[in-house]
Amino acid sequence: MSQYTQPPQPQQPYAPPHAPGTRPARNGLGIAALVLGIIGTLSGLVPLLFWLAGILGLIALILGLSGRGRVKRGEATNKGVTTFGAVLGLVALVLSVVGAVIMFKAVDDVVKDIDKELSGSSASAKPGGGGSGDSPKDSGKNEGAADTLEGRDTAAYDDGLEVTVSNAAAYTPDAYAAGHTKGNRAYKVSVVIENKTKKKYDSVLASVDARAGADGVNAEQIFDGTVGEGFTGTVLPGKKVTVQYAFDAPADAKNLTVEVSPGLDWDASLWDLKL
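Reading guide: rules and limits
Residues numbered from 1 in each chain as written. Predicted model: local features only at pLDDT ≥ 70, side-chain atom pairs only at ≥ 80, totals over all residues. Heavy atoms only, no water. Helix = DSSP H or I, 4+ residues; strand = E, 2+ residues; numbered from the N terminus. Buried < 20%, exposed > 50% of the residue type's maximum accessible area, 1.4 Å probe, protein only. Contact = heavy atoms within 4.5 Å. Axes fitted to C-alpha atoms, helices over the stretch in contact; angles between N-to-C directions. Parallel < 35°, antiparallel > 145°, perpendicular 65-115°, else oblique. Left-handed = near helix turned anticlockwise from the far one by under 90°. Nonpolar A, V, L, I, M, F, W, Y, C, P; charged D, E, K, R; others polar. Pairing = 2+ DSSP bridges. Phe/Tyr/Trp six-rings, centres within 6.5 Å; stacked < 30°, edge-to-face > 60°. 1 Å grid on protein atoms, 1.4 Å probe; cavity = no way out; pocket = protein on both sides within 12 Å on 5 of 7 lines; lining within 4 Å. Points joined across faces, edges and corners; volume = space filled by probe spheres on them. Polar contact = N/O pair within 3.5 Å; in protein donor to acceptor, adjacent residues only side chain to side chain. Core = buried A, V, L, I, M, F, W, Y, C linked by side-chain atoms within 4.5 Å.

Asks: Can you explain the environment of Arg70? Please cite residues and give values.
Replies: Along the polypeptide, Arg70 turns up in helix α2 (residues 50-72). Of the residues examined, Arg70 reaches a relative accessible area of 15% and is grouped as buried. On a C-alpha basis, the gap between Arg70 and Gly30 in space is 9.3 Å, while along the polypeptide they are 40 residues apart. Setting aside residues no more than four positions away along its own chain, Arg70 makes contact with Arg26, Leu29, Glu75 and Ala76.

Here's what the structure looks like:
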């Protein structure tokens, strides 16, 4: 017997063999569905991100349904996670549709507002007792705001606002008048704005200008103790406001063209007044 003996080798721990046919749970689809569903739902709360919510929601819904299929086949164990992920994906899809509707409606409203600002509200002519006589003119001239109106005609806008300018009458400015040039003649007109809309009208927005003669020279507005104040205040629905204007015109001018603009939302209308 040898004097040297080999030490005993340590025994390896016993590892039981895997049961035949068992595999690790495949829970990846459910987890991915949950994550994408949460992100998609949060994106859907922001209307501008409706497109992202729709994409993520659709993917989350597909992954969630696929994950539930794995659970049914026994390949995954996270049934609750997959179900919740699929539900969140569906919610994200619904929010994406709502966000798209909100965005398209907002864009449509903006386009309509811009178009309204650019085009203005058009007017049609309502013949009055123009000229020196009292009989109304032929209504055949009522073809829109492009036609020049005459004294006492009314520009009727499609929203209900109406503007009427009287015939021009000779006017004598007082001694302290501004805007009158010696040798020229002064003429006074009355401008009436009637609010037949359903909203209040801010008459401060109205502007009145004039040109005189065949050359269309600028007819300066006259300011004195009687005329020149301009439109002020708010006109209630069904009410009207009247303001007197005086303009300085060359002595040989035969006509006065008065232009009235009720505001940014309305087209300007023109009256050709004989002097």
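Still to come is the rest of the account.
Asks: Please set out the packing of helix α1 (residues 28-44) against α2 residue by residue, giving values where relevant.
Replies: In the contact formed by α1 and α2, the axes pass within 8 Å of each other and the chain directions differ by 155 degrees. Relative to α2, the element α1 lies roughly antiparallel. Crossing of α1 against α2: the hand is left-handed. Residues Leu29, Ala32, Ala33, Leu36, Gly37, Ile39, Gly40, Ser43 and Gly44 of α1 form the contact with α2, whose own contacting residues are Leu52, Ala53, Leu56, Ile59, Ala60, Leu63, Gly64, Ser66, Gly67 and Arg70. Tallied by class, the residues present in the contact of α1 with α2 amount to 11 nonpolar, 7 polar and 1 charged.

Asks: Outline the sheet that holds strand β8 (residues 217-218), listing residues and values.
Replies: What the 4 strands build is an open sheet, ordered β8-β7-β12-β13; its pairing is antiparallel. Of all strands in the sheet, those bounded by a partner on one side alone are β8 and β13 (269-274). Judged from the 6 bridges that link them, strand β12 (residues 255-261) and β13 form a sheet pairing that is antiparallel. In the strand pairing of β13, Val258 is matched with Trp271.

Asks: Please set out the packing of aromatic side chains residue by residue, giving values where relevant.
Replies: The description of an aromatic ring pair rests on the distance of the ring centres and on the angle between the ring planes. Summed over the entire model, instances satisfying the criterion amount to 4 aromatic pairs. Taking the centre distance of 6.0 Å and the plane angle of 65 degrees together, the rings of Phe50 and Phe104 count as edge-to-face. Of this pair, Phe50 sits in helix α2 while Phe104 sits in helix α3 (residues 79-119), and the two are 54 residues apart along the sequence. A relative accessible area of 57% means that Phe104 is categorised as exposed.

Asks: Quick one: what's the story with unusual backbone geometry, residue by residue and with numbers?
Replies: Phi is positive for Arg152, close to 75 degrees, though the residue is something other than glycine. Secondary-structure assignment places Arg152 in the loop between β1 (123-126) and β2 (154-157).

Asks: How would you explain the layout of surface pockets if you had to name every residue and give the values?
Replies: Its volume calculated, the second largest pocket comes out at about 170 Å³. Lining the second largest pocket are 11 residues, and of these Glu150, Gly151, Asp272, Leu273 and Lys274 lie nearest its centre. Element by element, the count of residues in the lining of the second largest pocket is highest for β13, at 3 residues. Its residues placed into classes, the lining of the second largest pocket shows 3 nonpolar, 5 polar and 3 charged.

Asks: Tell me about the side chain of Glu162, residues and numbers included.
Replies: Within the secondary structure, Glu162 sits in strand β3 (residues 161-165). Looking at Glu162, the relative accessible area reads 10%, which means it is buried. Reaching out from Glu162, the side chain makes a polar contact with the side chain of Lys196 at a distance of 3.3 Å. What Glu162 contacts, discounting residues up to four positions off in sequence, is Lys126, Thr154, Ala155, Ala156, Val192, Ile193, Glu194 and Lys196.

Asks: Pulling in residues and values, what's your account of the nonpolar core?
Replies: If you look at the biggest cluster of nonpolar residues, it comprises 32 residues, and the most contacted ones within it are Val191, Phe231, Val258 and Trp271. Element by element, the count of residues in this core is highest for strand β11 (residues 240-249), at 5 residues. In this structure Val258 touches Val165, Val208, Asp209, Ala210, Ser269, Leu270, Trp271 and Leu273, once residues within four positions along its chain are discounted. Tyr171, Ala186, Ile222 and Val227 belong to the second-largest nonpolar core, a separate cluster that totals 5 residues.

Asks: For the side chain of Thr41, give the residues involved together with the corresponding values.
Replies: On the secondary structure map, Thr41 appears in helix α1. Here Thr41 falls in the buried class, since its relative accessible area comes to 14%. Those residues in contact with Thr41 that lie beyond four places of it in its chain are Leu88, Val91, Ala92 and Leu95.

Asks: Break down the pairing of β3 for me, citing the residues and quoting the values.
Replies: On a regular strand, each side chain points to the face opposite its neighbour's, so the side chains alternate between the two faces of the sheet. Along β3, 4 of the 5 residues are buried, which leaves the element largely enclosed by surrounding structure. Judged from the 3 bridges that link them, β2 and β3 form a sheet pairing that is antiparallel. Bridge pairing links Ala156 to Glu162 in β3. The pairing of β3 with strand β5 (residues 185-195) spans 5 bridges and is antiparallel. Pairing of Glu162 across the sheet is with Glu194, part of β5.

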